[in-house]
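# Per-entry structural report
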Amino acid sequence: GKRIPKDRGIDNSLKIMKEGYEYVPSRMKKFNTNIFETNVLGGKTAVVISGKNAAELFYDNDKTERKGTLPKRVVKTLFGKGAIHTTAGKTHLDRKALFMSLMTDENLAYLRKLTRNYWFQNIENMQYQRKVNVYNESTLLLTKIGLRWAGIVENPDNINKMADDMNKMIDSFSAIGSLYGGYREAKKARARVEQFLEDQIVATRKGKIHPEKGTALYEFSHWKDMNGKPMDARLCAIDLMNVIRPLVAINKFVSFGVLALHEFPGERIRVALNEDDYAYKFVQEVRRYYPFVPFLPGKAKENITFEGYKIKKDTMMVLDVYGTLHRDDLFSEPDRFNPYRFDVWDGSPFDLIPQGGGDYYTNHRCAGEWMTIIIMEETMKFFANEISYNVPPQDFTVDTTKFPGKVASGMDIEDIKVNIDRT
Ligand code: HEM
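Residues numbered from 1 in each chain as written. Predicted model: local features only at pLDDT ≥ 70, side-chain atom pairs only at ≥ 80, totals over all residues. Heavy atoms only, no water.

## Examining the overall build of the protein chain
Basically, it comes down to this: By definition, any uninterrupted DSSP run of H or I lasting at least four residues is a helix, any uninterrupted run of E lasting at least two residues is a strand, and each is numbered from the N terminus. Put simply, the radius of gyration uses C-alpha atoms, and a globule should come to 2.2 Å times the residue count raised to 0.38. Relative accessibility under 20% of the residue-type maximum defines a buried residue, over 50% an exposed one, and the middle range a partly exposed one, all with a 1.4 Å probe and only protein chains included. Every residue pair with non-hydrogen atoms within 4.5 Å of one another is taken to be in contact. Computed with a 1.4 Å probe, the accessible areas rest on the Shrake-Rupley method; for each residue, only the protein chains presented here act as cover. The charge count treats Lys and Arg as positive and Asp and Glu as negative. His and the chain ends do not count. Charged groups are reduced to one reference atom each: NZ for lysine, CZ for arginine, CG for aspartic acid, CD for glutamic acid.
In terms of regular secondary structure, the protein chain is built from 17 helices and 10 strands. Computed over the C-alpha atoms, the radius of gyration of the protein chain is 21 Å, within 12% of the 22 Å expected from 2.2 N^0.38 for a compact globule of 423 residues. A total of 423 residues make up the protein chain; the buried ones form 55% of that total. Expressed as a percentage of contacts within the protein chain between residues at least 6 apart in sequence, the contacts between residues at least 24 apart total 73%. For the protein chain, the exposed area adds up to about 19,400 Å²; of that, 51% sits on carbon and sulfur atoms. Taking the 63 positively charged and 56 negatively charged side chains of the protein chain as two groups, their mean positions are separated by 7 Å.

## Topic: the coordination of the iron atom of the ligand
Rules: Donor atoms are limited to N, O and S found within 2.8 Å of the metal ion, a distance that becomes 3.2 Å for Na, K and Ca. With water left out, some sites might look partial.
Donation to the iron atom of the ligand from the protein comes from one atom only, Cys366 (SG), at 2.3 Å. For Cys366, the location among the structural elements is in the loop between helix H16 (321-325) and helix H17 (369-386).

## Examining the sheet that holds strand S1 (residues 35-40)
For clarity, the cut-off: Strand pairing requires that DSSP identify at least two bridges connecting the strands.
With mixed pairing, five strands are arranged side by side in an open sheet as S1-S2-S8-S5-S3. Looking along the sheet, the strands with just one partner apiece sit at the ends: S1 and strand S3 (64-65). As paired elements, S1 and strand S2 (residues 44-49) share six bridges and run antiparallel to each other. Bridge pairing in S2 places Asn39 opposite Thr45.

## Thoughts on the site of the ligand
Definition in use: When we say a residue is near a molecule or strand, we mean one of its heavy atoms is within 4 Å of it. Residues adjacent in sequence count toward polar contacts only when both atoms are side-chain atoms; beyond that, a polar contact is any pair of N or O atoms within 3.5 Å, and within protein one must be able to donate a hydrogen and the other to accept it. Under this grouping Gly is polar, as are all residues other than the nonpolar Ala, Val, Leu, Ile, Met, Phe, Trp, Tyr, Cys and Pro and the charged Asp, Glu, Lys and Arg.
Lining the immediate surroundings of the ligand are 27 residues, of which Tyr59, His92, Lys96, His364 and Cys366 lie closest. Between the ligand and the protein, one listed contact pairs an oxygen atom with a side-chain N or O atom of Arg66 at 2.8 Å. Within the side chain of Lys96, a nitrogen or oxygen atom sits 2.8 Å from an oxygen atom of the ligand. Elements with a minimum of two residues in the shell around the ligand: helix H5 (89-101), helix H12 (233-248), helix H13 (250-263) and H17. In terms of residue count, H12 provides more of the shell around the ligand than any other element does, four residues in total. Its residues assigned to classes, the shell around the ligand shows 15 nonpolar, nine polar and three charged.

## Quick look at the environment of Ala279
Relative to the helices and strands, Ala279 is located in helix H15 (residues 278-289). Ala279 gets classed as buried once you look at its relative accessible area, which sits at 2%. Sequence separation between Ala279 and Ile373 is 94 residues, and the spatial gap between their C-alpha atoms is 9.7 Å. Every residue in contact with Ala279, bar those within four places of it in the chain, is listed here: Val271, Asn274, Glu377 and Lys381.

## Details of the sheet that holds strand S10 (residues 412-418)
Going by this rule: Helix axes are fitted only over the stretch in contact, all axes being lines through C-alpha atoms; the angle between N-to-C directions runs from 0 to 180 degrees.
Here we have three strands laid out as an open sheet, ordered S4-S10-S9, and antiparallel in their pairing. The strands lining the two open edges of the sheet, one partner per strand, are strand S4 (131-133) and strand S9 (387-390). The average undirected angle you get between the axes of adjacent strands in this sheet is 50 degrees.

## What about the environment of Asn107?
Relative to the elements of secondary structure, Asn107 occurs in helix H6 (residues 105-121). Placed 42 residues apart in sequence, Asn107 and Trp149 show a C-alpha to C-alpha distance of 8.1 Å. Not counting the four nearest positions on each side in its chain, Asn107 is found in contact with Leu102, Trp149 and Gly214. Here the side chain of Asn107 touches Leu102 through a polar contact of 2.9 Å, landing on its backbone oxygen.

## Regarding the pattern of salt bridges
Where we set the bar: For this analysis, a salt bridge means a side-chain nitrogen from Lys or Arg found within 4 Å of a carboxyl oxygen belonging to Asp or Glu.
Counting across every chain of the model gives 29 salt bridges. Asp415 is the partner of Arg130 in a salt bridge, and the nearest nitrogen-oxygen pair spans 3.4 Å. One end of the pair, Arg130, is in the loop between helix H7 (123-129) and S4; the other, Asp415, is in strand S10, and 285 residues separate them in sequence. Judged by its relative accessible area of 29%, Asp415 is partly exposed. Ionic contacts of the salt-bridge type, sharing partners, join the residues Arg112, Arg116, Glu377, Glu378 and Lys381 into one network.

## Thoughts on H12
As a reminder, the rule being used: One less than the residue count of a helix, multiplied by 1.5 Å, gives the span that helix is expected to have.
Relative to the 22 Å expected for 16 residues at 1.5 Å per residue, H12 spans 23 Å between its end C-alpha atoms, a close match to the ideal helical length. Buried residues dominate H12, accounting for 13 of its 16 residues.

## Notes on the environment of Gln127
Mapped onto the elements, Gln127 comes out in helix H7. On the accessibility criterion, Gln127 (33% relative accessible area) is partly exposed. Put simply, Gln127 and Ala272 are 145 residues apart on the chain and 21 Å apart in space, counted from C-alpha to C-alpha. Once residues within four sequence positions are removed from consideration, Gln127 is found in contact with Ile416, Lys417 and Val418.

## Topic: the side chain of Thr324
Mapped onto the elements of the fold, Thr324 is located in helix H16. Classification of Thr324 by relative accessible area gives buried; the value is 0%. Apart from the residues within four sequence positions on either side, Thr324 is in contact with Ser50, Gly51, Leu330, Phe331, Asp351 and Ile353.

What follows is the structure, encoded as C-alpha cells:
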C-alpha cells in the first residue's frame, strides 16, 4: 500500500480547535488526497477520510466500528450515558427500530402541522418583542414543538428553563475543548431534564398520565426489548431526550436558513413561491452549505484498504463530514449557495451527509433527518411568506474556523408584520 500522508505534530488537537471546520479540508487539499493521518487527543493516531468512498467505508458495519469511539465528554453532555449512539450490533438494531417506528406518515404530518401552527401562533408574541433573535426564539419554539410532538405536557411556567437547558446541552459541544464551566453547566442541565423525562415515563407506566398511542412518550415507556424487557427508566429517559434535544438543535439550521433568505438574492421569493418543491431544495442546501457537524469518529474493525492505502485494525478513523459536503467532485461550485443543485441529485446515502450517512435502520445515521427536513421546510416557508420583517445591521459572520458553527449575531430581525400580501 501507499504511505498515508501525515500532518506532523505530536498532538494536533489545538490546531484543530484553532482551524475549526477548515482543518480537515485544507489538509486534504494540501496532500491532494482523500486520506491523511494526524495525532489527536493526547497523541492518538487518527486517520481522516473524505468523500463518497469514505462514507461508504465508514458505514460498512463489517469494516468500521463505532462503539466506544465517541469522546466521553460528548457522551456525558450531549447524548447521555448508554444512549443509542453508543450501542452496536443487535442492541443497536433493536433500539433503532423503536426510534424509526415513530417516523410514520401520520406522525410526520403531525410534526409539519405543529411546526406551522406554533410559528403562526407566535407572530403576535414576536410583534410584541419588536426585535427578535431568531436563534433564541426558535430554541423556545422548538422546545415546545418537540415536547408536544413527543406527547409530553410541560408546565408552561417552566418552558423557558427547559429551553435553556436544551441549549446548554447542545452548546456543550463547544465546551469540549476549554470551557470547563460550560461542560459542568451542561451536565447539570442534562441531569434536570433526564429527571423530568424519567418522571414522565414512570407516571406513564403507572397509568397516572395518558400520552397518546404513537407518541414518543407512550411508545418508549411501553416498549419491550428483544428479550421482552422494558427499558430501565433512566435509560428510557436518555433515549427519549435523544428525540427532543436534537430537535431543538434545529435552531442552528433555522438561523442559518433565515440568514440565507436574507443574504442570497432571490432566495426569499423563491421559497415563498415554492415552485417545484423549492423549499425542500433550499433546506437541503442549508444543511449542506453551513457548518454544523464537522466529523464523526470510528475505528477500523479489521485491516482495511481505502483507495490503495492500508488502515490497520483498531486505528481511529474519522469521517470528514463538513469537507465531504464541500467537495467539488460531489457538489459543483461547492462554495456557492445553490438549491437548484438538488434538481439533479440522485439521493445517494453517501454524499449529502450532514446528519450522517448509510442506512437509517442498520447504521447510526440520524433517526431525525426526515423530521429535520420537515421542520425546516415549514419554518423557512413561514419566514419567507407568512411574515415580513426588517433585518437590522448586525454581525452576519459564520466563522468556519470556530466550533460550533453559528451566525455570530444569532440572526436578529425586527418590525415583524403579518404578510397579508403573501404568495
Ligand atoms: C444521530 C445530526 C436532528 C435523533 C445523528 C448523527 C448525526 C446527527 C451526525 C450521528 C450519525 C452517525 O453517528 O453516523 C443531526 C443534526 C440534526 C439532527 C445536524 C439537526 C439539528 C435530529 C432529530 C432527531 C435526531 C430532530 C429526533 C429524532 C437522532 C438519533 C441519533 C442521531 C436518535 C442516533 C442514531 C443511531 O445511533 O442509530 N444525528 N441530527 N436527530 N440523531 Fe440526529
